[in-house]
Amino acid sequence: MTNKLTITPGQLSLSHLRQIWRDAPPLELAQSAYTAINTSASTIHKIVEKGAPAYGINTGFGKLAKTHIPNDKLEELQRNLIMSHSVGTGELIADEVVRLILAMKIGSLARGYSGIRASVIDTMIAIYNAGIMPCIPSKGSVGASGDLAPLSHMTLALMGEGDVRVGGKLQAAKEALQAVGIAPVALASKEGLALINGTQVSTALTLHGLFLAERLLEAATVSGALAVDAAKGSDAPFDPRVHEVRGQPGQIVIAKIYRELLAGSEIRKSHLVNDERVQDPYSLRCQPQVMGACLDLIGNAGRTLLIEANAVTDNPLVFADGGDVISGGNFHAEPVAFAADTLALAIAEIGALSERRIALLIDSTLSGLPPFLVAASGLNSGFMIAHVTAAALASENKSLAHPASVDSLPTSANQEDHVSMATFAGRRLHEMAHNTATIVGIELLAAAQGVDFHRPLVTSPRLTQVQQRLRQQVSFYDKDRFFAPDIEAAKQLVLQGELSSACQELFAD
């Protein structure tokens, strides 16, 4: 049983979020949070008693904000809000992303600026810990005024409405709650609005992309180093002096990793002297420059997303110390959209550079290896069409990398006249990451094949461990065979972070 993870509002770390995404630890809320939660909810109660109009508390929503709602209709108002806003479509968001949504929403509401009762937050924690995952369609949010539609589907589950997944199986929410003794929530004033306003869906989707991008960067660095040895490339471009005079931090870090990955290679020692090649192609020589820039982008995106994961992003906000309820725009997910767009660039470039190394390895005039990395080429086609697959996926990623944040389509009768498109920006990262994981998987197969052709010389100790891990799944390609299962096996090593596990300490920082 995984130890409980305590959510202290405003103090979630990327490590916490990775743990929730990967391991689904049970959650609890720090007891210190309840004072602010209760004070905020009490402020809403006092506003309702006074009867003065306050947006989302006793008024309609969006363009209907001028419509006053009597006190005896406020619970119905919140229920109607959730029902009318549950309009999502498309495939359901994966459970690991739903866990992030729930955890971040719990942490945000618990900061005490949303006017929601502690019992509602406790119910969210209870359904998470029971493994009850709300069924949230992936499409239907423009990333402003909050992720209204997807978060409404999340809220349906709290109310015992709609469907959920338990252990991956669909079930009616009402039945799932009854089975574990959780009472459905009846929403009080402002609570529906607090639950569905916010950027948690776009942020969770983008965090999913971030965590996959981290694995892709590690795997492609490892496969790129293996490709250097397969092509008998030089390690001189990784000399620390080269990178220090430029000063780009990611480049310096990545160059050091390449040096350590290649240290002790017999293949490299074999061509230190009398090598006719003066300079390697860019896809080998410029790896620190490209992958280092990707590392910096991923790091920048991570910093933005960590801030957003801890943020209060619903509307209006309750400032209990002065009894004020202020309408603002924290639900606008522009920072998330920008983070997602930069991650898309990094994911696309990791794949693009990997595809170029595959092309180099199969070209005997560049690599010095057998054509298409197979003996008896002609009779065997080898890696010819595996490279075509890599090229197709790299090309797809170029289109998918087009920035989503530059688009905006006004909604709510022009009340919401500029939106971020952050939810799509985050959602497309999953497909891009799988494309790039496939490309890197193909490169891994190609580079390992090339290194095997150099036997009895072997690569470095670290890269030998990587090659041995691959060979547990995929044997040497001695003649043409059904290739797709090999590619899928290599892809999964990339996606699961297993490819770089033998070199994990190099990426620890």
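Residues numbered from 1 in each chain as written. Predicted model: local features only at pLDDT ≥ 70, side-chain atom pairs only at ≥ 80, totals over all residues. Heavy atoms only, no water.

Asks: I tried to follow the overall build of the protein chain on my own but got confused; where do I start?
Replies: In terms of regular secondary structure, the protein chain is built from 20 helices and nine strands. Its C-alpha atoms give the protein chain principal-axis dimensions of about 90 × 50 × 45 Å. Burial statistics for the protein chain: of 509 residues in total, 54% are counted as buried. The contacts of the protein chain with a sequence gap of at least 6 include a subset with a gap of at least 24, amounting to 79%. Working note: accessible area of the protein chain is about 21000 Å², and carbon and sulfur atoms make up 54% of it. Taken together, the 41 basic and 50 acidic charged side chains of the protein chain have centroids lying 1 Å from each other. (Helix = DSSP H or I, 4+ residues; strand = E, 2+ residues; numbered from the N terminus. Buried < 20%, exposed > 50% of the residue type's maximum accessible area, 1.4 Å probe, protein only. Contact = heavy atoms within 4.5 Å. Areas by Shrake-Rupley, 256 points an atom, 1.4 Å probe, with all protein chains shown as cover. Lys, Arg positive; Asp, Glu negative; His and termini not counted. Charge placed at Lys NZ, Arg CZ, Asp CG, Glu CD.)

Asks: Even after reading the chapter, I still don't get the packing of helix α3 (residues 74-85) against helix α6 (residues 148-158), so can you show me in this structure?
Replies: Any two packed helices are characterised by the angle at which their axes cross and by the distance between the axes. At a minimum axis separation of 8 Å, α3 and α6 run at an interaxial angle of 120°. Viewed along their axes, α3 and α6 adopt a mutual orientation that is oblique. Two packed elements cross with a definite hand, and for α3 against α6 that hand is left-handed. Here I82, M83 and H85 of α3 lie close against α6, whose contacting residues are L148, A149, S152, T155 and L156. Of the residues that constitute the contact of α3 with α6, the class distribution is five nonpolar, three polar and no charged. (Axes fitted to C-alpha atoms, helices over the stretch in contact; angles between N-to-C directions. Parallel < 35°, antiparallel > 145°, perpendicular 65-115°, else oblique. Left-handed = near helix turned anticlockwise from the far one by under 90°. Nonpolar A, V, L, I, M, F, W, Y, C, P; charged D, E, K, R; others polar.)

Asks: Quick question: what am I supposed to make of the side chain of S108 here?
Replies: With respect to the helices and strands, the residue S108 is situated in helix α4 (residues 95-109). Of the polar contacts made by the side chain of S108, one reaches the backbone oxygen of A311; its length is 2.9 Å. Filtering out sequence-adjacent residues up to four positions away, S108 remains in contact with S114, Q200, A311, V312 and T313. (Polar contact = N/O pair within 3.5 Å; in protein donor to acceptor, adjacent residues only side chain to side chain.)

Asks: What is the right way to look at the packing of helix α9 (residues 200-230) against helix α14 (residues 287-309) in this model?
Replies: Interaxial distance between α9 and α14 falls to 10 Å at its minimum, and their mutual angle equals 160°. As summarised for this structure, α9 and α14 are arranged roughly antiparallel, according to the angle between their axes. The element α9 and its partner α14 pack so that their crossing is left-handed. Across the interface between the two elements, T203, T206, L207, L210, A213, E214, L217, A220, T221, G224, A225 and V228 of α9 pack against Q287, M291, C294, L295, I298, G302, L305, E308 and A309 of α14. Here the contact of α9 with α14 is composed, by residue class, of 13 nonpolar, six polar and two charged.

Asks: Sorry, what's going on with the nonpolar core here?
Replies: Side chains of a nonpolar character, in soluble globular proteins, are inclined to be buried together. Ranked by size, the top nonpolar core spans 158 residues in total, and within it L29, L195 and L361 carry the most contacts. The leading source of residues in this core is α9, at 18 residues. Ignoring sequence-local partners within four residues, the contact set of L29 consists of T6, I7, P9, Y34, I37, I106, A110, I121 and I125. (Core = buried A, V, L, I, M, F, W, Y, C linked by side-chain atoms within 4.5 Å.)

Asks: Would you mind going over α6 with me for this structure?
Replies: Residues spaced three or four apart along an α-helix face the same direction, because each turn holds 3.6 residues. Of all the 11 residues making up α6, 11 are buried; the element is thus mostly covered by neighbouring parts of the structure. All buried positions along α6 are accounted for by L148, A149, P150, L151, S152, H153, M154, T155, L156, A157 and L158. Just downstream of α6, G160 is the residue with a positive phi angle, here 75°.

Asks: How should I be thinking about the environment of I20 in this particular structure?
Replies: Tracing the sequence through the fold places I20 in helix α1 (residues 14-23). With 296 residues separating them along the chain, I20 and P316 place their C-alpha atoms 28 Å apart. Not counting residues within four places of it along the chain, the set of residues in contact with I20 comprises L5, P25, L27, R99, L100, A103 and Y128.

Asks: Just checking my understanding: could you explain the sheet that holds strand β6 (residues 163-166) for this structure?
Replies: In sheet architecture, strand pairing relies on hydrogen bonds along the backbone and comes in two forms, parallel and antiparallel. Across the sheet, three strands lie side by side as β4-β6-β7; this open sheet has antiparallel pairing. Pairing within the sheet leaves two strands with one partner each, and these edge strands are β4 (132-134) and β7 (169-172). Pairwise comparison of adjacent strand axes, ignoring direction, gives a mean angle of 40° for this sheet. Strand direction decides the pairing type here: β4 and β6, joined by three bridges, are antiparallel. Bridge pairing in β6 places M133 opposite R165. Lying on the sheet, α4 is in contact with β4 and β6; it crosses β4 at an angle near 85°. (Pairing = 2+ DSSP bridges.)

Asks: Explain the environment of N380 to me, please; I cannot follow it from the model alone.
Replies: Tracing the backbone shows N380 in the loop between α16 (364-367) and α17 (384-400). Judged by relative accessible area, N380 falls into the buried class, the value being 10%. Separated by 83 residues in sequence, N380 and L463 have C-alpha atoms that sit 27 Å apart. Setting aside anything within four residues of it in sequence, one finds N380 in contact with V374, A375, K479 and D480. A polar side-chain atom of N380 sits 3.1 Å from the main-chain carbonyl oxygen of A375.

Asks: Just checking my understanding: could you explain a nonpolar patch on the surface for this structure?
Replies: Taken together, the side chains of M384, I385 and V388 make up a nonpolar region of the molecular surface, amounting to roughly 250 Å² of accessible area. If you trace the backbone, I385 turns up in helix α17. (Patch = residues over 30% accessible without salt bridge, like charges linked within 9 Å, V, L, I, M, F, W, Y side chains within 5 Å. Salt bridge = Lys/Arg side-chain N within 4 Å of Asp/Glu carboxyl O.)

Asks: So what exactly am I meant to see when it comes to the packing of aromatic side chains here?
Replies: Working definition: an aromatic ring pair is given by the centre-to-centre distance plus the angle between the planes. Inspection of the entire model under this criterion finds seven aromatic pairs. Taking 5.5 Å as the distance between ring centres and 75° as the angle between the ring planes, the aromatic pair formed by F453 and F476 counts as edge-to-face. Note that F453 is positioned in helix α18 (residues 422-453) and F476 in the loop between α19 (461-471) and α20 (484-495), a separation of 23 residues in sequence. For F476, a relative accessible area of 30% gives the class partly exposed. Members of the aromatic cluster, connected to one another through ring pairs, are F383, Y477 and F483. Residue placement shows R428 over the ring face of F424; its charged tip is 6.0 Å from the ring centre. (Phe/Tyr/Trp six-rings, centres within 6.5 Å; stacked < 30°, edge-to-face > 60°. Lys NZ or Arg CZ within 6 Å of the ring centre and 35° of its normal.)

Asks: Please clarify how the pattern of salt bridges should be interpreted in this entry.
Replies: Two side chains of opposite charge can pair, provided their charged atoms sit close to one another. Summed over the entire model, instances satisfying the criterion amount to 17 salt bridges. A salt bridge links E214 to R18; the nearest nitrogen and oxygen atoms lie 2.8 Å apart. In this pair, E214 is assigned in helix α9 and R18 in helix α1, connecting sequence segments 196 residues apart. On the basis of relative accessible area, R18 is assigned to the partly exposed category, the value being 26%. D452 is paired through a salt bridge with R471; the nearest N and O atoms lie 2.8 Å apart. Of this pair, D452 sits in helix α18 while R471 sits in helix α19; the two residues are 19 residues apart in sequence, bridging distant segments of the chain.

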